[in-house]
Amino acid sequence: MSCPREAKKLHARIVKTKGTWHSDNSSILSLYTNLNLFHDSILLFRSLRSPPPLAWSSIIKCYTFHGFFHHSFSSFNQMRALGIRPNRHVFPSLLKACALLKDFTLGQSLHACILRLGFHFDLYTANALMNMYSKFQGLGGYAGKVLDGLSEKGRPNCISIDNVSKVFDRMPVTDVVSWSTVIAGKAQNGMYEEALNLLREMARTNLKPDSYTLSSILPIFAEHAHLIKGKEIHGYAIRNGFDADVFIGSSLIDMYAKCTRLEYSIRSFYLLPKRDAISWNSIIAGSVQNGKFDQGLMLFRQMLKDKVKPMHVSFSSVIPACAHLTALSLGKQIHGYIIRIGFDDNKFIASSLMDMYAKCGNIKMARYIFEKIEANDMVSWTAIIMGCAMHGHALDAVSLFEQMLMDGVEPNYVAFMAVLTACSHAGLVDEAWKYFYSMEKEFGITPGLEHYAAVADLLGRAGRLEEAYDFICKMRVQPTGSVWSTLLAACRAHKNVELAEKVLEKIILVDPENIGAYILMSNIYSSAQRWKDASKLRIYMRKKGLKKTPACSWIEVGNKVHTFSAGDKSHPCYDKINEALYVLLEQMEKEGYVLDTSEALHDVDEEHKRDLLLTHSERLAIAFGIISTPAGTTIRVIKNIRVCVDCHTAIKFIAKIVGREIIVRDNSRFHHFKNGSCSCGDYW
């Protein structure tokens with residue numbers, strides 16, 4: 001009977017013909033429990049004068065299913081106090097409640113009770129025991145501490161990672177659930193060979209592994225990026241006809257994606273005869289995780305066309321793709337869709353949206369979303385702190401970090417990266433030292449390369465070059481080429497050629513193929529008019545086959561991304577762009593702008609240097625934005641390398657002349673140009 005109305009009619013008939021306390025009411029209670037009729041189950045149980053074992057097992061099951069775990073154990077204790085012996089249906093519910101409560105000691109007591117009453121031979125009870133132990137294994141440090149305590153006290157029945165196997169080995173009868181639980185338990189503990197051997201052994205019995213068995217193993221191989229073992233399971237699934245199952249298919253998609261074999265994920269996805277929301281989400285997430293952002297967005301659109309409703313996690317996958325592509329228009333469309341379907345109150349989605357808006361240059365919207373979240377967690381705090389830091393709002397970032405601490409949210413590794421980045425971008429040396437030393441002393445977080453790099457960058461920007469050099473030399477981890485490169489960039493900014501040469505030697509030792517370092521050093525030589533040294537370095541780079549990454553800038557206009565490279569004349573609107581640049585130059589010079597050719601680092605005449613500067617990629621993109629959008633529209637440009645000093649000065653003039661806000665994101669941070677000034681305060 002599956003209809004609550006029919007169950008209630010039957011109950012009414014029994015009461016009418018046999019009375020309120022008839023024994024058949026225990027069967028009705030069991031029926032109510034199976035139909036998840038919580039209040040009806042409670043009222044009926046309380047109406048029973050002397051509830052039999054069936055009624056007790058039903059009410060315990062009811063409490064567990066609805067999350068009232070303490071009521072489950074209270075009912076069990078009450079039943080035992082009345083001298084009623086539990087039946088075989090009681091313990092699976094209690095063991096499930098114990099696992100969900102994460103109460104290891106209580107689980108041990110239950111196991112002892114099961115042994116005394118002889119229910120360890122019962123198939124369902126033994127399966128529930130194994131499931132409970134496998135959940136405790138997943139508790140990591142918690143379970144470990146409890147185990148340590150038990151072993152010190154010398155208690156019997158001590159739980160170890162072998163306990164699932166021990167219960168399994170003593171079972172007189174096993175089923176698919178038993179095998180699946182023990183196989184998953186082995187895999188979760190990294191015992192892949194044993195898990196696969198058990199799977200083969202299971203296949204040799206009369207029991208055939210089902211989709212649950214295989215889908216419980218594949219995520220573990222995915223987590224550990226164990227491609228060969230994952231392929232073995234895939235082969236087994238194909239041979240036994242499970243590869244068309246959506247659960248297996250989704251697990252295979254996820255496993256191959258995490259093993260960086262996205263082409264296999266795609267193939268597994270399109271071989272599925274029916275694709276549900278989980279399989280769609282798996283392929284979208286796999287594409288984004290492997291850097292195929294356009295593909296992830298294309299698949300998301302296709303999912304909507306196929307009338308598949310996205311899950312919460314679908315948006316947590318697709319929004320970062322918009323952030324990486326800086327596709328603000330598309331991000332806004334997705335945000336609107338999220339609001340329409342009522343997912344905007346989800347914290348994970350909100351944090352992804354904050355990150356997307358911040359990375360696409362709209363920090364105001366990121367702040368708005370942050371302030372709407374009722375109880376911010378570590379993810380949302382970190383996203384907004386990093387967003388403020390990247391947009392030059394360093395004092396806001398530091399203030400938010402302090403507010404987070406006051407709210408009792410303990411910072412993690414990434415949060416310290418965010419606040420140190422903020423300090424670096426604003427020259428807050430004392431604050432940076434305070435946070436850096438508090439990481440380990442107050443929060444037990446060992447500083448990583450990113451934290452050292454932020455502090456080294458800060459010292460370099462502040463002109464404390466020798467201090468930065470000593471700091472990097474004394475790092476507790478091996479400094480990488482990128483850490484040394486932050487100091488090399490500072491040497492360029494502060495025109496310290498001698499220290500730059502020492503730093504380059506360090507970079508060559510750890511990262512001899514670091515193209516950016518050679519280019520930086522060549523620019524340092526050129527800036528110091530040491531043309532021969534610059535030429536030698538460029539010849540060395542050519543011999544080594546090292547090529548400079550071309551400077552590129554992107555701007556989104558009319559839902560289309562336009563790309564420009566330095567000196568590029570290929571754009572269809574190039575003539576109009578060029579004309580706009582010269583009109584702007586004329587107006588800028590009237591306002592006092594003077595071309596700075598010191599960073600046109602080529603041994604060429606001044607006229608050529610002038611032409612090179614005027615056609616830098618960000619200027620082309622900005623000019624295109626001005627002629628292609630209505631007056632007053634904010635212009636957002638992305639550049640793959642650092643904005644040069646002359647372009648930075650020029651854009652301040654341009655923003656003032658056209659009366660617009662111009663936002664430029666380079667490889668270091670965001671620059672908000674407005675009314676003739678920049679948010680970075682010329683400190684970048």
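You'll find the protein entered in an unreviewed UniProt entry as Pentatricopeptide repeat-containing protein, with Stylosanthes scabra given as the organism.

Chemist: Before we move on, could you go through the packing of aromatic side chains and cite the residues and values that matter?
Modeler: For the coordinates displayed, the defined rule picks out 27 aromatic pairs. Residues phenylalanine 416 and phenylalanine 443 carry aromatic rings whose centres are separated by 5.7 Å and whose planes lie at 55° to one another, so their mutual orientation is tilted. Pair noted here: phenylalanine 416 is in helix H25 (residues 413-426) and phenylalanine 443 is in helix H26 (residues 429-443), with a separation of 27 residues, a long-range link. Overall, phenylalanine 416 belongs to the buried group, its relative accessible area being 0%. When the centroid spacing of 5.7 Å and the interplanar angle of 50° are considered together, the rings of phenylalanine 564 and phenylalanine 624 count as tilted.

Chemist: How would you sum up the state of the cysteines? Please name residues and give values.
Modeler: Per the stated rule, a full pass over the model turns up zero disulfides. Looking at cysteine 647, it has no disulfide partner, and the nearest cysteine sulfur is the one in cysteine 644, 3.6 Å off.

Chemist: Any details on unusual backbone geometry? Residues and values, ideally.
Modeler: Keep in mind that most residues, glycine aside, have a negative phi and that most peptide bonds are trans. In this structure, asparagine 36 is a non-glycine residue whose phi angle is positive, near 60°. Phi is positive for lysine 102, which is not a glycine, with a value near 60°. Summarising the element assignment, lysine 102 is placed in the loop between helix H6 (90-101) and helix H7 (104-117). Overall, lysine 102 belongs to the partly exposed group, its relative accessible area being 48%.

Chemist: Which residues make up the UniProt feature "repeat: PPR" (unreviewed entry) in the protein, and what values go with them?
Modeler: Cross-referencing UniProt, the feature "repeat: PPR" (unreviewed entry) maps to residues 52-86, 175-209, 276-310, 377-411 and 412-447 in the present numbering. In residues 175-209, the share of helix is 74% and the share of strand is 0%. The end C-alpha atoms are 10 Å apart. Secondary structure content for residues 412-447 is 81% helix and 0% strand, and the end C-alpha separation is 11 Å.

Chemist: Hey, could you go over the packing of helix H17 (residues 277-289) against helix H19 (residues 312-325) for me, with residue numbers and the actual values?
Modeler: At a minimum axis distance of 9 Å, the contact between H17 and H19 shows a crossing angle of 30°. As summarised for this structure, H17 and H19 are arranged roughly parallel, according to the angle between their axes. When you trace H17 past H19, the crossing you get is left-handed. Contacts between H17 and H19 pair Asn281, Ile284, Ala285 and Val288 from the former with Val313, Ser314, Ser317 and Ala321 from the latter.

Chemist: Can you explain the environment of glutamate 440? Please cite residues and give values.
Modeler: Within the secondary structure, glutamate 440 is located in helix H26. A relative accessible area of 34% means that glutamate 440 is categorised as partly exposed. Every residue in contact with glutamate 440, bar those within four places of it in the chain, is listed here: Ile445, Thr446, Pro447 and Arg476. A distance of 2.3 Å separates polar atoms of two side chains, one belonging to glutamate 440 and the other to arginine 476.

Chemist: So what about the sheet that holds strand E4 (residues 662-665)? Which residues, and what values?
Modeler: Pairing in this open sheet of six strands is mixed, and the strands run E2-E1-E3-E4-E5-E6 from one edge to the other. Edge strands, defined here as strands with exactly one partner in the open sheet, are strand E2 (560-565) and strand E6 (677-678). One ladder, built from two bridges, connects strand E5 (residues 670-674) with E6; its direction is antiparallel. Each residue of the ladder has a partner; that of phenylalanine 673, found in E6, is cysteine 678. Lying on the sheet, helix H35 (residues 617-628) is in contact with strand E1 (552-557), E2, strand E3 (635-639) and E4; it crosses E1 at an angle near 15°.

Chemist: Explain the side chain of arginine 669 to me, using residue names and the numbers behind them.
Modeler: Within the secondary structure, arginine 669 sits in the loop between E4 and E5. Here arginine 669 is buried and forms no salt bridge, its nearest opposite-charge partner aspartate 666 lying at an N-O distance of 6.4 Å. There is a polar contact of 3.3 Å between the side chain of arginine 669 and the backbone oxygen of histidine 425.

The rules behind these values
- Residues numbered from 1 in each chain as written.
- Predicted model: local features only at pLDDT ≥ 70, side-chain atom pairs only at ≥ 80, totals over all residues.
- Heavy atoms only, no water.
- Phe/Tyr/Trp six-rings, centres within 6.5 Å; stacked < 30°, edge-to-face > 60°.
- Helix = DSSP H or I, 4+ residues; strand = E, 2+ residues; numbered from the N terminus.
- Buried < 20%, exposed > 50% of the residue type's maximum accessible area, 1.4 Å probe, protein only.
- Disulfide = S-S within 2.5 Å.
- UniProt positions renumbered as here; feature names shortened; annotations may be inferred.
- Axes fitted to C-alpha atoms, helices over the stretch in contact; angles between N-to-C directions.
- Parallel < 35°, antiparallel > 145°, perpendicular 65-115°, else oblique.
- Left-handed = near helix turned anticlockwise from the far one by under 90°.
- Contact = heavy atoms within 4.5 Å.
- Polar contact = N/O pair within 3.5 Å; in protein donor to acceptor, adjacent residues only side chain to side chain.
- Pairing = 2+ DSSP bridges.
- Lys, Arg positive; Asp, Glu negative; His and termini not counted.
- Salt bridge = Lys/Arg side-chain N within 4 Å of Asp/Glu carboxyl O.

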